Number of protein chains: 2
Amino acid sequence: MVRIFIADDHVMFAEGLESMLAGEPDFEICGWARNAADTLEQVPKILPDVLLLDINLPDQSGLDVCKELRKTCPGVKILALSMHNDESYISAMLSLGAQGYVLKNTGKEELCTAIRALADGKTYFTQEVTDTMMQSLMRERKAGVAKEPPKISRREKEVLKLIMDERTTQEIAAQLFLSEKTVESHRAALLAKLGARNTAGLVKAALHWKIIND
Amino acid sequence: MVRIFIADDHVMFAEGLESMLAGEPDFEICGWARNAADTLEQVPKILPDVLLLDINLPDQSGLDVCKELRKTCPGVKILALSMHNDESYISAMLSLGAQGYVLKNTGKEELCTAIRALADGKTYFTQEVTDTMMQSLMRERKAGVAKEPPKISRREKEVLKLIMDERTTQEIAAQLFLSEKTVESHRAALLAKLGARNTAGLVKAALHWKIIND
DNA sequence: ACACTATTTGGAATAATTTCAAACCAACGC
DNA sequence: GCGTTGGTTTGAAATTATTCCAAATAGTGT
């Protein structure tokens, strides 16, 4: 028996969910809330197997609720419900520890599948959601790498690697058997090529262009 | 009519593919190759609509082929075929511009669906593949944030933000109406708290703990 | 050979960073 | 109220890092 808690402020939607899920013999609605405060209050007491959590609650964001519940009752599986197929929301929910994410226009069959997956310790994401994430992944990798990675010579790359490794100019010079002046010169070239003002910019650029993997 | 080129060194597999796809009225096999060199030679001449590209070619990696073809003939859609449901391969193919990725144990129906999706300008990824990527996303985000984010005071965070923004000590002091000494002091505290030796470490730590979003 | 880039190094001046100390303020508990 | 704690603030002196200006050497490709 899967015990389910519903957190959604749209009463009609929540009741629809309830009657829909009541039809499944292995599901049991063990509670509901229409705002974040109520959810945070009740869920730790009731400890449902699965929490259906609307992202858009009136008082706080579902994101905050998710974050909080991760700490207070990590055993409760969280299935995020949202109208939005928005990369930032999805990404945020993933990072905050939701085990699933389905859109509100999802049908009954799929919702049941998702709930059973979560109750079973697995994860579930609607096809649209995974598509969005893959698209976003492709975009970000393309945007980051493909453009015009400045041409860094191998010597410069060695220096950059050591700078990224938090070495001092002295250490770098010693390591590469160079004068400190030479290291400084390479550093200057790197600043120019990567369009950075200082070490901070150098590190950010190196990571951005994936010149150094760290 | 979708014109398809097959690049795979397993002749038996390739022929199986060919006869399988020949049954589809809207597909046409317009060529094939059993190694990377051949593929790079022929594809730019034949310009198929879709290239079925095995990741594991004998001479070069399919990854290199993909990268090369992105430049020489970007119009050709690339559907990566692989035995491995391996995050690093998938991620690499995505970044190199493949429009699809299916495992070799995929059935005929799904393969056809994938080919038609690509020919139609869309992308296609097998469910297993998207699962793997989502899992990996969750892991990396959790690993990055969850552990023990050092407690940074708000003033320190302000300074850190400006350091990340490539500002000089002078500029930071001016911006925050502080003495340079104070800024240096906050910087020292940040170095200690984040376990860094210098600015490079500071930037890496800040990004790692997601204290600053950049 | 000539053009070009990469690699290498100096001198002088400026900015950043470290090291060692300390005062001020606000919050918290007793 | 008083002391402790942590955050914020600042200073002097010494050490490094970095910038700005130049230039010699080596290797590559035309």
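Residues numbered from 1 in each chain as written. Chains lettered and ligands numbered in written order. Predicted model: local features only at pLDDT ≥ 70, side-chain atom pairs only at ≥ 80, totals over all residues. Heavy atoms only, no water.

Draft legend 1. Examining the protein's contact with DNA strand D more closely. As a matter of local geometry, DNA strand D sits amid 18 residues, with T168 and E184 of chain A together with S153, S179 and T182 of chain B nearest to it. Restricting attention to atoms of DNA strand D within 4 Å of the protein, one finds that 70% of them are sugar or phosphate atoms. A distance of 3.0 Å separates a phosphate oxygen of DNA strand D from a polar side-chain atom of R187 of chain A. Within the side chain of T199 of chain A, a nitrogen or oxygen atom sits 3.0 Å from a phosphate oxygen of DNA strand D. (Near = heavy atom within 4 Å. Polar contact = N/O pair within 3.5 Å; in protein donor to acceptor, adjacent residues only side chain to side chain.)

Draft legend 2. Quick look at the confidence of the model for chain A. On average, residues of chain A carry a pLDDT of 84, and 93% of them reach 70 or more. Per-element averaging of pLDDT across chain A places helix α6 (residues 127-146) of chain A at the bottom with 67 and strand β1 (residues 2-7) of chain A at the top with 93. (pLDDT = per-residue confidence, 0-100. Helix = DSSP H or I, 4+ residues; strand = E, 2+ residues; numbered from the N terminus.)

Draft legend 3. Up close: the sheet that holds strand β2 (residues 27-33) of chain B. Residue and element names in this part refer to chain B. Pairing is parallel across the open sheet formed by 6 strands, whose spatial order is β2-β1-β3-β4-β5-β6. The open sheet is flanked by β2 and β6 (124-125), the only strands paired with a single partner. Here helix α1 (residues 11-22) sits on the sheet in contact with β1 (2-7), β2, β3 (50-54) and β4 (77-82), set at roughly 170° to β1. (Pairing = 2+ DSSP bridges. Contact = heavy atoms within 4.5 Å. Axes fitted to C-alpha atoms, helices over the stretch in contact; angles between N-to-C directions.)

Draft legend 4. Highlighting the protein's contact with DNA strand C. If you check the shell around DNA strand C, you find 18 residues, and the closest are S153, S179 and T182 of chain A together with T168 and E184 of chain B. Near-protein atoms of DNA strand C (within 4 Å) split between backbone and bases, with sugar and phosphate holding 67%. Between DNA strand C and R155 of chain A, the relevant distance is 2.9 Å, taken from a phosphate oxygen to a side-chain nitrogen or oxygen of the residue. Residue K181 of chain A places a side-chain N or O atom 3.1 Å away from a base nitrogen belonging to DNA strand C. Of all the secondary structure elements, the ones that give two or more residues to the surface near DNA strand C are α7 (154-164) and α9 (180-194) of chain A together with α8 (169-176) and α9 (180-194) of chain B. For the surface near DNA strand C, the leading source of residues is α9 of chain A, giving 5 residues.

Draft legend 5. Up close: the packing of aromatic side chains. Taken as a whole and judged by the stated rule, the model has 0 aromatic pairs over all chains. Taking the ring centre of F13 of chain B as reference, the NZ or CZ of K104 of chain B above it sits at 4.4 Å. (Phe/Tyr/Trp six-rings, centres within 6.5 Å; stacked < 30°, edge-to-face > 60°. Lys NZ or Arg CZ within 6 Å of the ring centre and 35° of its normal.)

Draft legend 6. Focus on unusual backbone geometry. Of note, E166 of chain A is a non-glycine position whose phi angle comes to about 65°, a positive value. Here E166 of chain A falls in the buried class, since its relative accessible area comes to 15%. Look at F177 of chain B: it is not a glycine, yet its phi comes out positive at around 55°. Among the structural elements, F177 of chain B can be located in the loop between α8 and α9. (Buried < 20%, exposed > 50% of the residue type's maximum accessible area, 1.4 Å probe, protein only.)

Draft legend 7. Up close: the nonpolar core. By size, the foremost hydrophobic cluster in this structure holds 44 residues, and its most contacted members are L160, L194 and L202 of chain A together with L160, L194 and L202 of chain B. Elements that contribute at least two residues to this core include exactly α7, α8 (169-176), α9 and α10 (199-208) of chain A together with α7 (154-164), α8, α9 and α10 (199-208) of chain B. Beyond its immediate sequence surroundings of up to four residues, L194 of chain B is in contact with P150, I152, L160, L202, A205, W209 and I211 of chain B. (Core = buried A, V, L, I, M, F, W, Y, C linked by side-chain atoms within 4.5 Å.)

Draft legend 8. Representation of the sheet that holds strand β6 (residues 124-125) of chain A in the model. Residue and element names in this part refer to chain A. Spatially, β2-β1-β3-β4-β5-β6 is the arrangement adopted by the 6 strands of the open sheet, whose pairing is parallel. Lying at the two open borders of the sheet, with one neighbouring strand each, are β2 (27-33) and β6. In this structure, strand β5 (residues 100-103) lies alongside β6, joined through 2 bridges in parallel fashion. Looking at β6, one finds that G100 is bridged to Y124. In the packing of helix α1 (residues 11-22) onto the sheet, the strands contacted are β1, β2, β3 (50-54) and β4 (77-82), and the crossing angle to β1 comes to about 170°.

Draft legend 9. The arrangement of the side chain of E24 of chain A in detail. Residues and elements named next belong to chain A. Its location among the elements puts E24 in the loop between α1 and β2. Within the structure, E24 has its side chain in polar contact with the side chain of R116 (distance 2.7 Å). Beyond its immediate chain neighbours, meaning those up to four positions away, E24 contacts K108, C112 and R116.

Draft legend 10. Summary view of the pattern of salt bridges. All chains considered together, the criterion is met by 23 salt bridges over all chains. In this structure, E184 of chain A and K181 of chain A form a salt bridge, with 3.8 Å as the shortest nitrogen-oxygen distance. Of the two residues, E184 of chain A and K181 of chain A both sit in helix α9, 3 residues apart, roughly one turn of that helix. Of the charged contacts in the structure, one is a salt bridge between K45 of chain B and E41 of chain B, with a shortest N-O distance of 2.8 Å. With K45 of chain B and E41 of chain B both in helix α2 (residues 36-46), this residue pair falls 4 residues apart, about one helical turn. For E41 of chain B, a relative accessible area of 45% corresponds to the partly exposed category. Overlapping salt bridges, with partners in common, bring together E24, D26, K108 and R116 of chain A in one network. (Salt bridge = Lys/Arg side-chain N within 4 Å of Asp/Glu carboxyl O.)

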